[in-house]
Amino acid sequence: MFLGFNFSFLEKYSFYYWDGLKVTLQLSFWTLICGTVVGVAMGLLRVQNHKTLNVIIDGWINFIRGVPVMVQIFIVYYGIATTLPAFWAAVVSLTVNSSVYIAEHTRAGMQAVNKGQMEAARCIGMSKFQANRYIIIPQAIKNVLPSLCNEFILLIKDTSIVSVIAVHELTYTSNTVRANTFLAFEPLIVTAVLYFIVTYVLKKLVGVLERRLHAHD
Amino acid sequence: MTNTTEKNNGEVIIEVKGLKKNFGHLEVLKGIDLQIRKGEAVVVIGPSGSGKSTFLRCLNLLEKPTDGDILFHGESILGKNLKIDKYREKFGMVFQLFNLFDNLSVLDNVTIGPRKVKKESKEKAEERAAALLKRVGLGDKMDAYPSQLSGGQKQRVAIARTLAMEPEVILFDEATSALDPEMVGEVLQIMRKLAEDGMTMVVVTHEMGFAREVGDELVFMDGGYIVEQGNPREIMANPQHQRTKDFLSKML
């Protein structure tokens, strides 16, 4: 007993949480990697100012942003990737969803770099590629890191939605605990604290990175 | 005066012919003709909006001319098979707002061009950069970052960065306009030294004293045209056109 709450179920059910947490972390890890790669690539293509490409990318971003994540997951799992295991169907749909936001952050971060930086780089004979690589992108990374961190936290929390296609991640397993113990509050509080710890650790890690990048400002 | 005569006999390295530039419907340059000789300091003056900066930016193709031609050593730079990066390497540019690379230290700002564009070794590039930074009086700031420098110091680093590429011509786009008055001198002094050392320069400026003392050729622009051009002292003492007179009377 703790403040009148009953947490004794943890003795018997804690491994449910561990298993769920592991799946949540794996989901988050793969989505974060794939979403960042796809999103950054999309954002970099977007700032090339290629007319047709811009229309396609903007259309895609607007479409994905306008559809609920849960619907996207259903579409991928039941409609498109029907042979894919639920876990990977979840990774695919979460990647699609988070990558469009990451693309927008990337675009904004690139466009926020002063235009004079590119001009100065071109004036000493750098190609556009070199200017991007050595001058623009390093500055853009600094710009996007805070919003990217926010995006990663949203992404981790969004993984809870994939419980609807029976991926045994943290939300799913804690729901099982809730059903087995006939307790509503305590099992979900444990879940909430675990999500919080994961996102808080991530935020702290990004904070360290940010401080390092800003060491010279 | 002998110096000027010598320079006037120098080889023409840039020849601008009927240069025009429009931004949409706005005609900024309406037909510019100008020759720039080796070792010459050409000073361009004129009221705001007269097209001075646009003209400068056309010379290294930061803006693409709408019409006309620019010859560099007798060869058009507007041809399709021009390697634009190779061409820009030979043109240094110093900006009004410095445009130092904010993510790099002072030393790296100066070495990144030689290292990445000219593929020089790190040691060689750093050795030269150190010498250049010493020359502009910033030998002790090599590890600083742009955000830690004053405007005058930034502009001096920008000049060192440009010199590191060993350009044939340096374009100065109002290099002192964004500086506090007490910092203008230190930058002008370096520019004057460069001109004395025989660097070919095109200088857009509002510093009339500099124009008179350092310029070999003065170009007065207004409304997208070159209105008057010639020896700076003669023009300032005895301008031929009414618009030049009006402008100079406001500036001097």
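Remember, it's a predicted structure, so these values are computed and weren't measured experimentally.

### Considerations on the overall build of chain A
- Along its length, chain A carries eight helices and zero strands.
- The helix and strand sequence of chain A, counted from the amino end, reads α-α-α-α-α-α-α-α.
- In terms of its C-alpha atoms, chain A occupies a principal-axis envelope of roughly 70 × 45 × 25 Å.
- In chain A, which comprises 217 residues, the proportion classed as buried is 44%.
- Long-range pairs, those at least 24 residues apart, make up 77% of the contacts in chain A between residues at least 6 apart in sequence.
- When the accessible surface of chain A is split by element, carbon and sulfur atoms take 68% of a total near 11,500 Å².
- In chain A, 17 positive and 11 negative side-chain charges are present, and the distance between their average locations comes to 9 Å.

### Considerations on the overall build of chain B
- Each helix and strand counted, chain B has ten helices and ten strands in total.
- The globule rule puts the C-alpha radius of gyration for 252 residues at 18 Å, and the 18 Å found for chain B is close to it.
- Its C-alpha atoms put chain B at 55 × 45 × 40 Å along the principal axes.
- Within the span of chain B, comprising 252 residues, buried residues form 54% of the whole.
- Sequence-distant contacts in chain B: of pairs separated by 6 or more residues, those separated by 24 or more amount to 67%.
- For chain B, the accessible surface area stands at approximately 11,400 Å², while carbon and sulfur atoms represent 46% of it.
- Here chain B holds 35 positive side-chain charges and 37 negative ones, and the gap between their average locations is 3 Å.

### Section: the confidence of the model for chain B
All names here are of chain B.
- Confidence along chain B averages 91 in pLDDT terms, with 96% of residues attaining 70 or more.
- Here residues 1–5 is a poorly scored stretch, pLDDT under 50, and it has two contacts once near neighbours within four places are set aside; other chains count.
- The complex model carries a pTM of 0.84, and its ipTM stands at 0.88.

### Quick word on the pairing of strand β1 (residues 12–23) of chain B
Residue and element names in this part refer to chain B.
- Bridge analysis of β1 against strand β2 (residues 26–37) gives nine bridges, and the strand direction is antiparallel. What sits directly across from N22, in β2, is E27.
- Linkage of β1 to β2, two consecutive antiparallel strands, is achieved through a turn of two residues, within which G24 is found at a positive phi near 60°.
- Summarising the sheet, β1 and strand β4 (residues 67–72) pair through five bridges and their orientation is antiparallel. The residue of β4 that forms the bridge with E15 is L71.

### Concerning the pairing of strand β8 (residues 200–204) of chain B
Residues and elements named next belong to chain B.
- Burial analysis of β8 places five of its five residues in the buried class, the great majority of the element.
- Of the two faces of β8, the one carrying T200, V202 and V204 and the one carrying M201 and V203 are both buried.
- Here four bridges tie strand β3 (residues 41–45) to β8, and the two strands are oriented parallel to one another. Within β8, the position partnered with V42 by the bridge is V202.

### As for the layout of surface pockets
- Considering only enclosed or pocket space, the largest pocket measures out at about 630 Å³ in volume.
- A:V47, A:N49, A:K115, A:M118 and A:K128 are the residues nearest the centre of the largest pocket, which is lined by 20 residues in total.
- Contributing elements (two or more residues each) for the lining of the largest pocket: α4 (86–111), α5 (115–123) and α6 (128–158) of chain A together with α3 (84–89) of chain B.
- No other element matches the four residues that α5(A) contributes to the lining of the largest pocket.
- Tallied by class, the residues present in the lining of the largest pocket amount to eight nonpolar, five polar and seven charged.

### Some thoughts on empty space enclosed by the protein
- All chains considered together, the criterion is met by two cavities of 30 Å³ or more.
- Considered as a void within the structure, the largest cavity measures approximately 40 Å³ in volume.
- Lining the largest cavity we find A:A120, A:C123, A:I124, B:G92, B:M93, B:F95, B:R161 and B:T162.
- Considered as a void within the structure, the second largest cavity measures approximately 30 Å³ in volume.
- A breakdown of the residues in the lining of the second largest cavity according to their chemical character gives five nonpolar, two polar and two charged.

### Here's the deal with helix α2 (residues 51–65) of chain A
Residue and element names in this part refer to chain A.
- For α2, spanning 15 residues, the distance from its first C-alpha to its last is 21 Å, which sits close to the expected 21 Å at 1.5 Å a residue.
- Taken residue by residue, α2 has N54, I57, I61 and I64 as its buried positions. For α2, the angular spread of buried residues about the axis comes to 115°, placing them on one side. Facing away from the buried side of α2, by more than 90 degrees, are the exposed residues K51, T52, V55, I56 and F63.
- Residues of α2 that are buried sit in contact with α1 (9–46), α3 (69–80) and α4.

### Observations regarding α4(A)
- In this model, α4(A) (26 residues) spans 38 Å end to end at C-alpha, consistent with the 38 Å of a helix rising 1.5 Å per residue.
- Most of α4(A) is tucked away, with 19 of its 26 residues classed as buried.

### Description of the side chain of A:N54
Residue and element names in this part refer to chain A.
- Along the chain, N54 turns up in helix α2.
- On the basis of relative accessibility, which here comes to 13%, the residue N54 falls in the buried class.
- With near-sequence residues (within four places) excluded, N54 lies in contact with L45, R46 and N49.

### What to know about the packing of aromatic side chains
- Evaluated as defined, the whole model comprises 13 aromatic pairs over all chains.
- The positively charged end of B:R161 is found above the aromatic ring belonging to B:F101, 4.4 Å away from the centroid.

### Here we look at the sheet that holds β2(B)
Residue and element names in this part refer to chain B.
- Taken in spatial order, the four strands of this open sheet run β2-β1-β4-β5, and their pairing is antiparallel. Both edges of this open sheet fall to β2 and β5 (75–76), since each of them pairs with a single strand only.
- Relative to the sheet, helix α2 (residues 52–59) contacts β1, β2 and β4, its axis offset from that of β1 by approximately 120°.

Rules used throughout
Residues numbered from 1 in each chain as written. Chains lettered and ligands numbered in written order. Predicted model: local features only at pLDDT ≥ 70, side-chain atom pairs only at ≥ 80, totals over all residues. Heavy atoms only, no water. Helix = DSSP H or I, 4+ residues; strand = E, 2+ residues; numbered from the N terminus. Buried < 20%, exposed > 50% of the residue type's maximum accessible area, 1.4 Å probe, protein only. Contact = heavy atoms within 4.5 Å. Areas by Shrake-Rupley, 256 points an atom, 1.4 Å probe, with all protein chains shown as cover. Lys, Arg positive; Asp, Glu negative; His and termini not counted. Charge placed at Lys NZ, Arg CZ, Asp CG, Glu CD. Rg over C-alpha atoms; globule rule 2.2 N^0.38 Å. pLDDT = per-residue confidence, 0-100. Pairing = 2+ DSSP bridges. 1 Å grid on protein atoms, 1.4 Å probe; cavity = no way out; pocket = protein on both sides within 12 Å on 5 of 7 lines; lining within 4 Å. Points joined across faces, edges and corners; volume = space filled by probe spheres on them. Nonpolar A, V, L, I, M, F, W, Y, C, P; charged D, E, K, R; others polar. Expected span 1.5 Å × (residues − 1). Arc of directions from axis to C-beta. Phe/Tyr/Trp six-rings, centres within 6.5 Å; stacked < 30°, edge-to-face > 60°. Lys NZ or Arg CZ within 6 Å of the ring centre and 35° of its normal. Axes fitted to C-alpha atoms, helices over the stretch in contact; angles between N-to-C directions.

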